[in-house]
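Spelled out, the chains give:
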Amino acid sequence: MNNFLKHQGRRKFVSNSFKISALAAMGSPLLARPSQTEEKVNLTQKYEPLKILILGGTSFLGPHQIAYALERGHQITTFTRGKTKPTIHTDKFDHVESLVGDREDNLEALKGRQWDAVIDNSGHRVHWTEKTAALLKDSVDAYLYTSSTGVFYPYLTENIKEDTQLVRKVPAGINEEEKLEYDYGVMKTNSELAAQNNFGKDRTLIIRPTYMMGPGDRTDRFTYWPIRIPLGGHVLIPGKENDPVQYIDVRDVAEWMIRLLEKKTIGTFNTVGPPSTTGMHGFIYGVHGSFSATCDFIMVEDHEFLKKLDIYWSIPWIMPIGNNFGSARINFEAAVSNGLTYRPLATSCQDIYTWWHSGIIDKERNEKLLMGKNGLMAKEKEVISAWKKKVKD
Ligand SMILES: NC(=O)c1ccc[n+]([C@@H]2O[C@H](COP(=O)([O-])OP(=O)(O)OC[C@H]3O[C@@H](n4cnc5c(N)ncnc54)[C@H](OP(=O)(O)O)[C@@H]3O)[C@@H](O)[C@H]2O)c1
């Protein structure tokens, strides 16, 4: 069995890969960011087929990991309660071994088994990660924990690198909304530590995605834009021109995770796009350029006006003030130096559009996103008329 810990070859590779990260961060011209083409050349490198266990695997990120891993000859086992059914790449699940249990209190199906790597997608409680990492540390070589940039909440600075201080506990005296943000960040931080404490830093890979988007997204956050803009007409755009936005196609994350396991890379990586610094208006023009629609953009740059209407975010835009100042100012150089690549925004937008209109989305969900009584377009209309009134007055 391929062993992440013991193989000399791996140790050599890992130390090389860290050297590369450090030099790239210092701006060595020889180690500039790989272009998409260079990365494709690297992808032809040989790797061993892996046995991969995915904790979760049937929701959003998992099906994309599975489709890519199977295509590259790996074997996949999932571990879930058997409740969430995949809505994308459904045909691939015939080739996946599915184990049933519960991360809360039933890990029986994982006992006495061996894998090369485990990907913990469903780590939503610290004790879940603690228990699976403790159980698997002698039978699995490497633990990949799917964390989040939420570990940096509150985002008070810019250029947030991997070693920026993480949030370890929820402060007293905060409001409910802030508490939710803190809870998630604290859970992710302590789960990262639970994985590292059991597997050791030299066998743990921590991946911290920002907002993920793409076909199969169950959150209907980013999805709004590639569904709304093709409809054209008066489109409300909240946020200042250069309010920073960050997001990443779920497939770029999923595929990179599998390649990292193939290359036996270990480390902690902020996993963020797009590759160039982007403001809200640049993003909107990018989405618009992906389609052919006549839009009249109503740019509402006035933060105070938006606050009065309780509009603080419309993913990927988050009003960059207070605790969210740096939420879209995350540094991702280390990930790029280690092979993270990006699809063009137009590809993501067109694929989301095709998926949304493939007959999979029910009427209620479509109305909630768009033209239903409480849909976002009803809200959009209200805000535009309030804005026009304010500008006129
Ligand atoms: N979406 C984003 O923008 C974003 C950004 C940053 C980080 N992340 C992180 O990315 C990860 C992956 O997200 P995702 O949306 O693909 O999956 P997810 O919603 O986190 O996990 C769902 C999966 O977990 C399984 N599951 C849930 N409860 C379980 C339990 N008690 N025991 C065993 N299995 C259980 C589900 O199957 P059953 O229901 O059948 O059990 C399903 O397969 C998450 O950790 C999330 O925090 C997401």
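One can find the structure itself at the top, above this paragraph.
On a predicted model such as this, the values are computed, not experimentally measured, just so you know. (Residues numbered from 1 in each chain as written. Predicted model: local features only at pLDDT ≥ 70, side-chain atom pairs only at ≥ 80, totals over all residues.)

## Topic: the overall build of the protein chain
Link 1 in the chain: Counting its regular elements, the protein chain contains 13 helices and 13 strands.
Link 2 in the chain: Here the protein chain holds 393 residues, and the buried ones make up 40% of them. (Helix = DSSP H or I, 4+ residues; strand = E, 2+ residues; numbered from the N terminus. Buried ≥ 20, exposed ≤ 12 C-beta atoms within 10 Å, placed from the backbone.)

## Here we look at the packing of helix H3 (residues 61-71) against helix H7 (residues 250-263)
Link 1 in the chain: Contact pair H3 / H7: the axes reach a minimum separation of 8 Å and the direction vectors enclose 50 degrees. When the axis of H3 is compared with that of H7, the two are oblique. Relative to H7, H3 is oriented so that their crossing is right-handed. Two secondary-structure elements touch here, H3 through Leu61, His64, Gln65, Tyr68 and Ala69 and H7 through Val250, Arg251, Val253, Ala254, Glu255, Met257 and Ile258.
Link 2 in the chain: Among the residues forming the contact of H3 with H7, the class breakdown is eight nonpolar, two polar and two charged. (Axes fitted to C-alpha atoms, helices over the stretch in contact; angles between N-to-C directions. Parallel < 35°, antiparallel > 145°, perpendicular 65-115°, else oblique. Left-handed = near helix turned anticlockwise from the far one by under 90°. Contact = placed C-beta atoms within 7 Å. Nonpolar A, V, L, I, M, F, W, Y, C, P; charged D, E, K, R; others polar.)

## Let's talk about unusual backbone geometry
Link 1 in the chain: A cis amide bond links tyrosine 153 to the next residue, proline 154, at an omega of -5 degrees.
Link 2 in the chain: Here proline 154 shows up in the loop between strand E5 (140-146) and helix H5 (176-199).
Link 3 in the chain: The residue after isoleucine 315, namely proline 316, is reached through a cis peptide bond having omega 15 degrees.
Link 4 in the chain: Within the fold, proline 316 resides in the loop between strand E12 (313-314) and strand E13 (317-318).
Link 5 in the chain: Positive phi outside glycine occurs at lysine 264, with the angle close to 60 degrees.
Link 6 in the chain: Turning to its location among the elements, lysine 264 is positioned in the loop between H7 and strand E10 (267-271).
Link 7 in the chain: According to the C-beta neighbour criterion, lysine 264 is buried, with 26 such atoms within 10 Å.

## Points about the site of the ligand
Link 1 in the chain: The immediate surroundings of the ligand are formed by 23 residues, with Gly56, Thr80, Arg81, Thr84 and Ser122 found nearest.
Link 2 in the chain: Across the shell around the ligand, the residue classes break down as five nonpolar, 13 polar and five charged. (Near = placed C-beta within 6 Å.)

## Quick word on the sheet that holds strand E6 (residues 204-209)
Link 1 in the chain: Spatial strand order, E3-E2-E1-E4-E5-E6-E10: seven strands in an open sheet with parallel pairing. The sheet is open, and its two edges are formed by strand E3 (97-100) and E10, each paired on a single side. When strand polarity is set aside, the average angle formed by the axes of neighbouring strands in this sheet is 20 degrees.
Link 2 in the chain: In terms of strand pairing, strand E1 (residues 51-55) meets strand E2 (residues 75-80) through five bridges, oriented parallel. Residue lysine 51 lies in a different strand from E2, and its bridge partner there is glutamine 75. (Pairing = 2+ DSSP bridges.)

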